[in-house]
Amino acid sequence: RRDSTRISDSAAQEARAWLTQKYGKEYLPATPPVYSKKKNAQDAHEAIRPSVASLSPDEAKPFLSNDQFKLYDLIWRRFMASQMQAARYDQVTVITIAGDYDIRSNASKLTFPGFTAVYEEGKDEKEAKEQMTLPDFAVGDPVQIRKIMPEQHFTQPPPRYNEASLIKLMEEKGIGRPSTYAPTIETIIARKYVERVQKQFHPTELGKIVV
């Protein structure tokens, strides 16, 4: 039941006990979070979670194969993160006056890690740039201009779908079920409607003709 978000009270309390001991009470919300379920979600069973929340991946690793460990590590970290406080950031803007130029720099500064202490999803290049950090500045600090590079930016087309973004779109449009997402993607590849190029799906001539 991959789309279920419900967990038992005992599982939540076990996770909270472990997290309190490891990180402290400030990393936990006052009450265990309850997540809304998606429309038509299969909610007959709990969400996929560790059967023993206190069994960390490092403790389980000696008894697992490499693939088993990677899967358990992912499930355990996502589950634990779901029971923690959100991360907090300060939005930082630095304006540098350099002769005739005003240079504006924006960044996010992490002030409280929250759930990211346990789990943080990979970021794409755009997200990484948006969350770029800046050094600490004080008003009046001198800076040295090394180079000014005038650049012209053009509107870019939306990125091509990859497996994750295509599944997200299918969820939003109500196409298929979680159990059919992967077979659907395998089918459009097997029928040569699309091909993978650097993890992105590109339409083939056959795919364009079929559309």
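The structure this text deals with has already been given above.
Let me sum up the structure you'll find in this document. (Residues numbered from 1 in each chain as written. Predicted model: local features only at pLDDT ≥ 70, side-chain atom pairs only at ≥ 80, totals over all residues. Heavy atoms only, no water.)

### Topic: the packing of helix α5 (residues 163-173) against helix α6 (residues 178-190)
Running from N to C, α5 and α6 cross one another at 120°; their axes reach a closest spacing of 11 Å. Taken together, α5 and α6 sit at an angle that is classed as oblique. Crossing of α5 against α6: the hand is right-handed. Across the interface between the two elements, Glu163, Leu166, Ile167, Met170 and Glu171 of α5 pack against Tyr181, Thr184, Ile185 and Ile188 of α6. Its residues placed into classes, the contact of α5 with α6 shows 6 nonpolar, 1 polar and 2 charged. (Axes fitted to C-alpha atoms, helices over the stretch in contact; angles between N-to-C directions. Helix = DSSP H or I, 4+ residues; strand = E, 2+ residues; numbered from the N terminus. Parallel < 35°, antiparallel > 145°, perpendicular 65-115°, else oblique. Left-handed = near helix turned anticlockwise from the far one by under 90°. Contact = heavy atoms within 4.5 Å. Nonpolar A, V, L, I, M, F, W, Y, C, P; charged D, E, K, R; others polar.)

### Describing unusual backbone geometry
Phi angles above zero are rare outside glycine, and Lys192 is one such case at about 65°. Relative to the elements of secondary structure, Lys192 occurs in the loop between α6 and β3 (194-197). What makes Lys192 exposed here is its relative accessible area of 57%. Phi is positive for Lys199, close to 70°, though the residue is something other than glycine. Structurally, Lys199 is set in the loop between β3 and β4 (200-203). Judged by its relative accessible area of 71%, Lys199 is exposed. (Buried < 20%, exposed > 50% of the residue type's maximum accessible area, 1.4 Å probe, protein only.)

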